[in-house]
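Descriptive analysis of the structure
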Amino acid sequence: MVEAESQGGVSIRGLRFSYDRGFAIEVARLDVAAGEQVLFAGASGCGKSTLLHLIAGIETPEAGSILVRGTDICALRGSTRDTFRGRHVGMVFQTFQLLQGFTALENVMLSLMLGAPTLDQPRVRAEAALERLGMRDVHAPVDRLSVGQQQRVAVARAVVTEPSVVLADEPTASLDPANAEAAVELIRSAARVAGAALIVTSHDPALRRVFTRTVDVSQFGVAAAAGRKGAAR
Ligand code: ADP
Ligand code: MG
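This is a predicted model, so every value here is computed, not measured. Residue numbers run consecutively from 1 along every chain, following the written order of its sequence. Labels follow written order: the first chain is A, the first ligand is 1, and so on. Given that the model is predicted, a residue must reach a pLDDT of at least 70 before its local features are reported, and side-chain atom pairs must reach 80 or more before they are shown or counted; all residues, however, enter totals for whole chains, interfaces and linings.

1. Here we look at the confidence of the model for the chain
- Looking at the chain, the pLDDT average stands at 92 and 93% of residues meet or exceed 70.
- Residue-level confidence of the predictor is summarised by pLDDT, bounded by 0 at the bottom and 100 at the top. This entry defines residue contacts through backbone-placed C-beta atoms, with two residues in contact when those atoms are within 7 Å. Between residues 1-6, whose pLDDT stays under 50, and residues either more than four places distant or in other chains, the model counts 7 contacts.
- Scored below 50 in pLDDT, residues 227-233 shows 12 contacts in the model against residues more than four places distant or in partner chains.

This is the structure we're talking about:
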């Protein structure tokens, strides 16, 4: 069942990656089904961001495949990979990484026009995404928004392209516990509405009770010497 559903989600096989002579990760098999919501948990430094970057095609593995809606993102090169990421992967960063000097609406519209140029009526779609997330003042420059509002813009930007998978890296790390839970609910409901699979990373064990499935990323870490064939000891 997971096999069939993972056509629309993420499917990892035989993955091996290491930073130059440093931290190494191996994932024999990992599936996130279409529309599924999963927490990638584990202590700081266990490889959560690394695994997310591999799924997004920001890093390239030494071996293995990562299917995103049936396409091996690792096999795509250069601008083809960037185009695929823009169209099918939505990303929410801990520090939001919004374009300063632009309005909330412009930030979301730019994501849409660059990432999914074939989707019509970018302005209408961007406005609707922001409205669904409770953002009223869409013409405010993002640097004048509160942290909570900036997070809404970041989430709208990630889902407006109707991606297959949304990746949120430590989205609650800069928030207090009450706001953290609300932020996760916001991301979860936005991903659900967009029909996207969702992977959230967090070092905070409190989030485990919010997700029905948790993947412990520390299980994938391998000793540096074993992770690279012929690596210097
Ligand atoms: P997490 O997100 O779980 O905190 P990371 O994936 O950021 O963990 O990092 C995993 C390990 O890889 C850490 O030991 C970190 O120091 C190392 N690391 C992260 N990025 C790089 C990099 N660009 N080059 C070399 N080592 C890195
Ligand atoms: Mg991290």
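2. Quick notes on the sheet that holds strand β8 (residues 197-202)
- The pairing criterion for strands is at least two bridges between them, as found by DSSP. In DSSP terms, a helix is any run of H or I states spanning at least four residues, a strand is any run of E spanning at least two, and both are numbered starting from the N terminus. Pairing within the open sheet is parallel, and its 5 strands lie in the order β6-β7-β8-β3-β9. Edge positions in the sheet fall to β6 (89-92) and β9 (214-216), since each of these pairs with one other strand and no more. Averaged over all adjacent pairs, the angle separating strand axes in this sheet is 20 degrees, with direction ignored.
- In the sheet, strand β3 (residues 37-41) pairs with β9 via 3 bridges, with the strands oriented parallel. Opposite Leu39, over in β9, you have Thr214 as the bridge partner. An axis is simply a line fitted to the C-alpha atoms; with a helix, the fit covers only the stretch in contact. Between two such axes, the angle follows the N-to-C directions and lies from 0 to 180 degrees.

3. Some remarks on unusual backbone geometry
- Here Gln121, not a glycine, exhibits a phi torsion of approximately 50 degrees, which is positive.
- To sort residues by burial, count the other C-beta atoms lying within 10 Å of each one's C-beta; a count of 20 or more means buried, 12 or fewer means exposed, and anything in between means partly exposed. C-beta atoms are built from the backbone. Note on Gln121: 10 C-beta atoms within 10 Å, which makes it exposed.
- In this structure, Glu162 takes a positive phi of about 55 degrees despite not being glycine.
- Among the secondary structure elements, Glu162 is positioned in the loop between α6 (147-159) and β7 (165-169).

4. A few points about the pairing of strand β2 (residues 24-32)
- As paired elements, strand β1 (residues 10-18) and β2 share 8 bridges and run antiparallel to each other. Bridge assignment links Ser11 to a residue of β2, and that residue is Asp31.
- If you look at the hairpin formed by β1 and β2, you'll find 5 residues sitting between the two strands, and Arg21 has a positive phi there, around 55 degrees.
- Pairing geometry for β2 and strand β10 (residues 221-222), over 2 bridges, is antiparallel. Bridge assignment links Ile25 to a residue of β10, and that residue is Gly221.

5. Quick notes on the packing of helix α4 (residues 104-115) against α6
- One way to put it is that α4 packs onto α6 with a least axis distance of 8 Å and a crossing angle of 20 degrees. Taken as axis vectors, α4 and α6 run roughly parallel relative to one another. Along this stretch, α4 crosses α6, giving a crossing that reads as right-handed. Contacts from Ala104, Asn107, Val108 and Ser111 of α4 reach α6 at Val153, Ala156 and Arg157.
- Residues were grouped as follows: Ala, Val, Leu, Ile, Met, Phe, Trp, Tyr, Cys and Pro as nonpolar; Asp, Glu, Lys and Arg as charged; and all remaining residues, including Gly, as polar. Residues of the contact of α4 with α6, tallied by class, amount to 4 nonpolar, 2 polar and 1 charged. Any angle between 65 and 115 degrees counts as roughly perpendicular, while under 35 counts as roughly parallel, over 145 as roughly antiparallel, and the rest as oblique. Should the near helix be turned counterclockwise from the far one by less than a right angle, the crossing is left-handed, whereas a clockwise turn marks it as right-handed.

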